[in-house]
Amino acid sequence: MNTKNDLRKEVFAVLLLCLLSACVSRSTDSNGLPMLAAQFNAPSSEYQPYVWWHWMGSNFSKEGITKDLEAMKEAGIGGATIFNLASAVQETHQPTENNPWAQQTYRSEAYWEALRHAAAEAKRLGLKIGLHNTPGYSTTGGPWVTEERGMQTLVSSSAKVAGNRLVKTRLAKPPLPVYGGWGTTHRQAVFYRDVAVMAVPDKATAQVTDVLDISAAMDADGNLQWQAPEGNWTVYRIGHAPTMSNPHPLPDDLIGNTLEADKMSREQSVYHWTQMIEPLKEHLKEYLGDSFDHLLIDSYEAGDQNWTPLFREDFTRLKGYDPLPWIAVQLSVGKRDDLETFAKDYQEVVHQLFFDNGWAVAKDMIHEAGLLFFWEPYYGPFNTFESVALPDVPMGEFWSGGDGRIDANITKAAVQFGKRIVGAEAFTGSPERSKYTEDPAVLKHSTDGSFVSGVNRLFLHHWVHQPFDEQYQPGMGMGWWGTHFGRNQTWIKPGKAYFSYLSRCQMLLQQGEYVSSGADVVHRHTPDAEIFFVTNPAAEALNRSFNFPVKDRTPELWDAYRGEIRKTHQWRTNSDSTAVTLNLEPDESVFVIFPKDKNNYHRLPSLETLAEQYSDIDGAWNVRFEPKLAPAFDRVLPVLTDFSASTDTAVKYFAGTATYQKTIRIDAGELGKDKRILLDLGALHDIAELQVNGKDAGVLWHPPYKTDVTPYLKEGDNTLSVAVSVNWANRLIGDEQYPADFEWGQDRGDLGRAMKAFPDWFINHHARPQAGRKTFNIWYYYRQDAPLQPAGLIGQVKLVKQTVVIR
């Protein structure tokens, strides 16, 4: 057997080219440190996170598109990838009935008008948008893919015959596939093509040399006339048929008539991408390659493919021998030790054809259209490491509740192939965890974990398109999936502070070249500086010395949470490194940066605390409640308490922003050059905007909810305002105290329930029958007896009065 492997040669060539290009690009992909310092508080849009913008079935509107994009711009989101999905999703498409604009089907005139409007609005706002290449979120296909153009698999039938005679028999057509994967309609394949007819002697030791190719003995109808040699034989009619794999979760009008394209055929890949790209050129015109700048392939969920019409020729070209006799022996005897090399060769050819005829074609045609290629290259029958060479932005994914780390093969390959940006589908949330309870504090642990794993651009999952009037909130969701970003989120306005944190981190983590990552430290090198990102993922505070492999440079602390650059006096030089002492709370992070040269950008001084005194802020608070879906109201709270424990239902089930106000007194002598006063809010849910004496004093979105308010204070009376935004959960539970004014659909127990259909009162713009219900969405996580979530400012609020020395 000839086992010459062209695959390794081709991959080596790709590696070499990518390494050469990396050497060129690495000298030019870093902005100067003074420029980074100038941008640090508010990085430019190129460093901002992106979102996955899910358009749910026919539920899209130009008005909603404009509002969504304006909200993204305001929040500090740099771009969005549009997905065309079903009107509702569970494990796959589970459409909602009675959609209000059912005529707005995929690629209808209304659809193209909406997409062009999105591109125009993105241009106006300075945002970038793109599109997932197939309807659904996996993988490459569409309604233009017929069974013949779809993913193919080998099928076979067999017949036992006695030899030493002229055999006349009809060979049955092999059973054809019924797809069993996500989103299937259980439709059986119709298309079929013969590949070969092979005869194998009936003996346990049958060898490839014993196999006879008798394809010429069968006619098109399966009639076999064959002068069989002596002995007993099994005759295999081998052909190929579509796997019937379909993209999913599909827009409602495409369910049952959409297939995945053949990914091992150059012809079919070219056809798919032509059908994908040419209509974009026609309808988006001047926006293509401008505000509309990328196409995406999400992670692979299309199932296996083991054949394509030219597979026999391709296998013979790559491996030097005909695979059909081996396939026949495999059908005859199953697994056998001497077949393992063939099985390995077969897998390598499948991998190579996916790479050459599927993904490389995608890259070339996307680039020819002037677009960027984003791709999550994993879970499929191809080599992840090698595939990272192809996309402009290789991507991994992580889900809410984990450590945030993506597949190490992706980040390792990205370094190998000189990819400056590594993306991640971020915070995909299952219904067990993502129940409108998410907030930036919950996300911080995974956020930093993703950065440590090598990610430097997050694609937030999800920002669902909201096409309806403002009175319908939270509004459209991705069925039961989260995490729930988007303009109807209660904390989206103060959440800009979290998105700014992402931008600052991503700006620094995209500079220069990656050096190493480990023990929760990432090291990047630029001509101007050594950059280290350090995080504390533990549940306890950390106070220890870190040794950095840098000599003869002075460290600085760049705080991405606050957007501040500070000097530090807690460092010393060793023989071959610099030790810096860091004090980090749980899930706190900091960049330790060693500039090559002295710079004159602004740095805050290093402070050492000599003494500390705590002063509780007690007594009543005036609170202005601004619910998302009801008129504002005022209350006086004698003491701080969890809203969910209130007997006042307006407070108990509150979702929105509650602004606490109080006057505090600062005595003479408590302010001065050696004095500092911190405000510690204690416990709160979910995110707080501070004002002191009418001046913005920052946003606190992760514990400890504590910040320096010294610059805003004066001797005497000071007005303190704390605006706390509370998530949707308790309001959703409050609504379940009232009967539903719509019909329930699927009930998935603890995972929640679907709204079966948009109710007529919604469609006809009538008042809702049940006035007690305030919220409107398509998936309901909660029941009447669901436990309420902690909400509001709980405290203890205190002032921390410090005596400090400037170092």
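Preceding block: the structure.
In this report, the structure presented in the accompanying data block is examined. Only a predicted model underlies this, so the values are computations on that prediction, with no experimental measurement involved. (Residues numbered from 1 in each chain as written. Predicted model: local features only at pLDDT ≥ 70, side-chain atom pairs only at ≥ 80, totals over all residues. Heavy atoms only, no water.)

## Some points on the overall build of the protein
Note the threshold: For helices the rule is a DSSP run of H or I covering at least 4 residues; for strands it is a run of E covering at least 2, with both sets numbered from the N terminus onward. Our radius of gyration looks at C-alpha atoms and nothing else; its globule reference is 2.2 Å times the residue count to the power 0.38. Two residues form a contact once any of their heavy atoms are found within 4.5 Å. All accessible areas in this document rest on Shrake-Rupley with a 1.4 Å probe, and a residue is counted as covered only by the protein chains that are shown. The convention is simple: Lys and Arg are positive, Asp and Glu are negative, and His and the chain ends are not counted. Throughout, a charge is located at the NZ atom of Lys, the CZ atom of Arg, the CG atom of Asp or the CD atom of Glu.
Of the regular secondary structure elements, the protein holds 15 helices and 42 strands. Relative to a compact globule of 807 residues, whose C-alpha radius of gyration would be 28 Å, the protein shows 31 Å and is just as compact. Its C-alpha atoms put the protein at 115 × 75 × 50 Å along the principal axes. Considering only contacts in the protein between residues 6 or more positions apart, those separated by 24 or more positions represent 78%. Total accessible area on the protein is roughly 31900 Å²; 49% of this is exposed by carbon and sulfur atoms. In the protein, which carries 79 positive and 99 negative side-chain charges, the distance between the mean positions of the two groups comes to 3 Å.

## Quick look at the sheet that holds strand 36 (residues 716-726)
Cut-off, in case you're wondering: Paired strands, in this sense, are two strands between which DSSP finds at least two bridges. Only the stretch in contact is used when fitting a helix axis, every axis being a line fitted to C-alpha atoms; angles between N-to-C directions are given from 0 to 180 degrees.
Ordered in space as 29-28-30-36-33-34, the six strands form an open sheet in which the pairing is antiparallel. Whereas interior strands pair on both sides, the edge strands pair on one side only; in this sheet they are strand 29 (633-637) and strand 34 (695-700). Here the average twist between neighbouring strands, direction ignored, is 20°. Two elements, strand 33 (residues 687-692) and strand 34, share four bridges in a ladder whose sense is antiparallel. Bridging across to strand 34, Glu-689 finds its partner in Val-699.

## Structural notes on the packing of aromatic side chains
Spelled out, the test is: For this analysis, a ring pair means two rings from Phe, Tyr or Trp (six-membered ring only for Trp) whose centres lie within 6.5 Å, classed as stacked if their planes differ by under 30 degrees, edge-to-face if by over 60, and tilted for the remaining angles. The buried label applies to any residue whose accessible area, calculated with a 1.4 Å probe on protein chains only, is under 20% of its type's maximum; exposed applies above 50%, and partly exposed to all values in between. Criterion for a charge above a ring: Lys NZ or Arg CZ within 6 Å of the ring centre, and within 35 degrees of the ring normal.
Taken as a whole and judged by the stated rule, the model has 70 aromatic pairs. Summarising the aromatic geometry, the rings of Phe-643 and Phe-654 are spaced 5.9 Å apart at their centres and angled 90° between planes, so their arrangement reads as edge-to-face. Of this pair, Phe-643 sits in the loop between strand 29 and helix 13 (649-652) while Phe-654 is found in the loop between helix 13 and strand 30 (656-666), placing the two residues 11 residues apart along the sequence. Across the pair, exposure class does not vary: Phe-643 and Phe-654 are buried alike. An aromatic cluster of three or more residues is present, and its members are Phe-398, Phe-427, Phe-485, Trp-491, Tyr-498, Phe-499, Tyr-501, Tyr-561 and Trp-701. Looking at Arg-457, its charged tip hangs above the ring of Tyr-50, at a distance of 4.6 Å from the centre. The ring of Phe-546 has Arg-544 sitting right over it, with the charged end atom 3.8 Å from the ring centre.

## Concerning the nonpolar core
Test applied: The definition of a nonpolar core used throughout is a set of buried Ala, Val, Leu, Ile, Met, Phe, Trp, Tyr and Cys residues joined through side-chain atoms within 4.5 Å.
One finds Trp-558, Tyr-660 and Leu-681 to be the most contacted residues of the largest nonpolar core, which totals 173 residues. In contact with Trp-558, other than residues within four places in its own chain, are Leu-33, Leu-36, Ala-37, Phe-40, Leu-508, Glu-564, Ile-565, Val-590, Phe-591, Ile-593 and Tyr-601. Ranked by size, the runner-up nonpolar core spans 42 residues in total, among them Tyr-50, Phe-758, Phe-762 and Trp-779.

## Some thoughts on the sheet that holds strand 40 (residues 779-780)
An order of 37-38-40 is seen for the three strands of this open sheet, with the pairing classed as antiparallel. In this open sheet, the two edge strands, each paired with only one partner strand, are strand 37 (744-747) and strand 40. Bridging between strand 38 (residues 753-755) and strand 40 involves two bridges; their strand directions are antiparallel. Bridging across to strand 40, Arg-753 finds its partner in Tyr-780.

## Topic: unusual backbone geometry
A cis amide bond, omega -5°, links Ser-138 with the succeeding residue Thr-139. Mapped onto the fold, Thr-139 is located in the loop between strand 3 (128-132) and strand 4 (141-142). Non-glycine residue Asn-98 carries a positive phi angle of around 60°. You can call Asn-98 partly exposed: its relative accessible area is 37%.

## Description of the side chain of Thr-578
Going by this rule: Here a polar contact is taken to be a pair of N or O atoms separated by no more than 3.5 Å, where protein atoms must pair a possible hydrogen donor with a possible acceptor and residues adjacent in sequence count only if both atoms sit in side chains.
Relative to the helices and strands, Thr-578 resides in strand 25 (residues 578-584). Side-chain polar atoms of Thr-578 contact the backbone oxygen of Val-550, separated by 2.7 Å. Setting aside anything within four residues of it in sequence, one finds Thr-578 in contact with Phe-546, Asn-547, Phe-548, Val-550, Lys-551, Arg-553, Trp-571, Arg-572 and Phe-594.

## Some points on the pattern of salt bridges
Our working definition: Whenever Lys or Arg places a side-chain nitrogen within 4 Å of a carboxyl oxygen from Asp or Glu, that contact is recorded as a salt bridge.
Inspection of the entire model under this criterion finds 43 salt bridges. The residue Asp-290 makes a salt bridge to Lys-123 at a minimum N-O spacing of 2.6 Å. On the criterion of sequence distance, the pair formed by Asp-290 in the loop between helix 5 (266-284) and strand 12 (292-297) and Lys-123 in helix 4 (residues 109-125) is long-range, its members being 167 residues apart. Its relative accessible area of 44% is what places Lys-123 among the partly exposed residues. A network of salt bridges, in which partner residues are shared, links Lys-67, Asp-68, Glu-470 and Arg-487.

## Section: helix 10 (residues 408-416)
Defined as follows: To obtain the arc, one takes the directions from the helix axis to the C-beta atoms.
Along helix 10, the residues that are buried comprise Ile-410, Thr-411, Ala-413 and Ala-414. Viewed end-on, helix 10 has its buried residues packed into an arc of 165°, placing them on one side of the element. Contacts from the buried residues of helix 10 go to helix 9 (384-387) and strand 14 (393-399). N-cap assignment for helix 10: the residue whose side-chain oxygen lies 2.8 Å from the backbone N of Asn-409 is Asp-407. Of the residues one or two after helix 10, Gly-418 is the one with positive phi, at around 70°.

## Points about the pairing of strand 12
Two faces belong to every sheet, and in a regular strand the side chains alternate between them. Within strand 12, six of the six residues are buried, which leaves it mostly tucked inside the rest of the structure. Sheet analysis places strand 3 next to strand 12, joined by four bridges and oriented parallel. Across the sheet, residue Gly-130 finds its bridge partner in strand 12, namely His-294.

## Thoughts on the environment of Glu-260
Position of Glu-260 relative to the elements: it lies in strand 11 (residues 259-260). Judged by relative accessible area, which is 1%, Glu-260 ranks as buried. In sequence terms Glu-260 and His-248 are 12 residues apart; their C-alpha atoms lie 9.5 Å from each other. Reaching out from Glu-260, the side chain makes a polar contact with the backbone nitrogen of Thr-139 at a distance of 2.6 Å. Of the polar contacts made by the side chain of Glu-260, one reaches the backbone nitrogen of Thr-140; its length is 2.9 Å.

None of the figures reported here should be taken as evidence of function without further support.
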